[in-house]
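Results of the structural survey
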Amino acid sequence: MVSGGLRRESGKSGMDGRAAQRDWHLLFVVGLTVLALFLLPFGHGVFVPLAILALVGMGLVATYPATLWRERWMRWALVLLLALWLPQVFALTVAVDFDRALRTALTYPLFAMAIIPILWVARRRELTNALLYVVLALAVFWSLDGILQFLAGSNIVGYPYDGRRIDGLFHPTLRMGVVLAHLLPFVLEASRRLAASNRLAALLPLVVVIAILLSGSRAGMLAAAVTLLVYGVFLVGFYRLRARMVFALVVALILGVAGALWASPETRDRLAVISGMAAFSVEGLDQATANRGTIWLASWRVIEDEPLRGVGVRGVEPVAKERGYADGAFSHTHLYLLDVWVSTGLVGLAAYLMALLGVLLALWRHAVGSGAHIPLFVMAGIAIFSALNPLNAHWTVYSSYTAAVLWLVLAVALAPLFHTPGRSAPDPPGP
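To start, this report covers the structure provided alongside it.

Thresholds, definitions, all that
- Residues numbered from 1 in each chain as written.
- Predicted model: local features only at pLDDT ≥ 70, side-chain atom pairs only at ≥ 80, totals over all residues.
- Heavy atoms only, no water.
- Helix = DSSP H or I, 4+ residues; strand = E, 2+ residues; numbered from the N terminus.
- Expected span 1.5 Å × (residues − 1).
- Buried < 20%, exposed > 50% of the residue type's maximum accessible area, 1.4 Å probe, protein only.
- Contact = heavy atoms within 4.5 Å.
- Core = buried A, V, L, I, M, F, W, Y, C linked by side-chain atoms within 4.5 Å.
- Phe/Tyr/Trp six-rings, centres within 6.5 Å; stacked < 30°, edge-to-face > 60°.
- Lys NZ or Arg CZ within 6 Å of the ring centre and 35° of its normal.
- Salt bridge = Lys/Arg side-chain N within 4 Å of Asp/Glu carboxyl O.

Because an α-helix packs 3.6 residues into every turn, residues spaced three or four apart end up facing the same way. Helix length check: helix 18 (residues 400–414), at 15 residues, gives a terminal C-alpha distance of 21 Å against a target of 21 Å (1.5 Å per residue), a fit within 8%. Where burial is concerned, most of helix 18 is hidden: 14 out of the 15 residues are buried.

All right, on to the environment of tyrosine 133 then. With respect to the helices and strands, tyrosine 133 occurs in helix 7 (residues 128–152). Beyond its immediate sequence surroundings of up to four residues, tyrosine 133 is in contact with Ala190, Arg193 and Leu194.

Our next topic: unusual backbone geometry. Of note, the amide linkage connecting histidine 171 to proline 172 takes the cis form, showing an omega dihedral of 5°. Along the chain, proline 172 falls in the loop between helix 7 and helix 8 (176–195). Unusually for a residue other than glycine, arginine 314 sits at a positive phi of about 70°. Locating arginine 314 in the fold gives a position in the loop between helix 14 (292–305) and helix 15 (316–322).

Let us now look at the nonpolar core. Judged by nonpolar contacts, the single largest core of 137 residues is most densely connected at Phe186 and Trp407. Look past the residues within four positions of tryptophan 407 in its chain and what remains in contact with it is Ala77, Leu80, Leu81, Leu84, Tyr108, Phe111, Ala112 and Ile115.

For the rest of this paragraph, the subject is the side chain of threonine 104. Looking at the element boundaries, threonine 104 is found in helix 5 (residues 98–113). Look at threonine 104 and you get buried, because its relative accessible area is 10%. Setting aside residues no more than four positions away along its own chain, threonine 104 makes contact with Gln88, Val313 and Tyr398.

In total, this model carries 10 aromatic pairs according to the counting rule given. Seen in terms of ring centroids, tryptophan 300 and tryptophan 341 are 5.5 Å apart; in terms of plane orientation they differ by 75°. Their pairing is edge-to-face. Here tryptophan 300 is found in helix 14, whereas its partner tryptophan 341 is found in helix 16 (residues 336–367), with 41 residues between them in sequence. Residue classification places tryptophan 341 among the buried positions, given a relative accessible area of 15%. A network of ring pairs unites the aromatic residues Tyr231, Phe234 and Phe238 as a single cluster. Cation over ring: arginine 123 sits above tryptophan 120, and NZ or CZ is 3.9 Å from the ring centre. Against the face of tyrosine 401 rests arginine 175, its NZ or CZ located 3.8 Å from the ring centre.

Let's shift gears to the pattern of salt bridges. Taken as a whole, this structure holds four salt bridges when the rule is applied. Glutamate 189 is the salt-bridge partner of arginine 192, the closest N and O atoms lying 2.7 Å from each other. With arginine 192 and glutamate 189 both in helix 8 and three residues apart, the pair spans about one turn of that helix. The buried category is assigned to glutamate 189, whose relative accessible area is 0%. In this structure, glutamate 189 and arginine 193 form a salt bridge, with 3.0 Å as the shortest nitrogen-oxygen distance. Of this pair, glutamate 189 and arginine 193 are both found in helix 8, four residues apart, which corresponds to roughly one turn of the helix. Residue class for arginine 193 comes out partly exposed when judged on its relative accessible area of 25%.

Its 16 residues give helix 5 an end-to-end C-alpha distance of 24 Å, which sits within 8% of 22 Å, the value for a rise of 1.5 Å per residue. For helix 5, the complete set of buried residues consists of Ala101, Thr104, Ala105, Tyr108, Pro109, Phe111, Ala112 and Met113. Among the structural elements, helix 2 (47–63), helix 4 (72–90), helix 6 (116–122) and helix 18 are those in contact with the buried residues of helix 5.

As structure tokens, then:
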């Protein structure tokens, strides 16, 4: 009896130890993820927690490769990585700027590895509310700080308003509008959940939308408009919202947008020049897109020269200048579709588009029959499409900051799906 009691006590102690270890893993991974999100306004600072997560992710890939591949949403994350990374490696054989292309190819997978621990923990623990509410809190905080900068002339740490576009804690870069637009699907879903107990929470996304407008990023505005339209139509149809509620939300959005435009003539001016696109000329396109029409034309002419293999990552500018296609300097094409095509050729473009379409179709397929979980699939689909939209005209697919935002968006989008119906495999063994 004594030995049996000792064995029971030993077994209980062992289970308690494993539970404590799992809790430590949870706090460690979620803490680093939250820190990475928090550091997005501070440039390279975001790379520190992501580097630690990447090391853990590489360890998991080396230790449990088959287990990772069996998990449906983990597998799709790896497919997206391969689709965006392998063409970079193949394009090294034709890379014009070999050193920069090689650095990008060597470091790019690390950003995807950083989300593996997040998804690994999400297999066993429900992280949906924690991740969504953290994103909501950060997005609203950044937005209020930016609005304060617009109203008072400086934000909480003294960064000044330049009289044209707010940048808040993202100063001196102008990334805030685009980052907020990428996080908007999570803001909408988090506020929807909070609105079940407090209807005023439904107005929180309006604060973020106003900040996106005042940021002056037309790419951010367009992404936000698409997100609001798609998510709004889904909410009305899925929840069969009453006409009175829909009317109130639409009026609040219109008044908020109108107020922001009335208060900021600079934002009105930036939107007004979009009418120049109606001229269907390079000059009109340049006026509407901050001289990107000339860059797109130069990039297209390089593609016409090298359609199959491309010129390698970061190679379009030197080629365009050498061949007389562009007069001024530019760092990238400012259009994801052209960026991938000119950098990695038709193979890279096909891989990128097929992987994006594949994950969106997988989300659609598994949303059917998921009942109350359908909003999570819609949120994930909108967020992933917004982050990988071929018509994104703000950054380059291959920059380190873009990769940081992209893979953090994928982590927050995919993590909640591990606790929806139709899991692809039982809980595997793990730490």
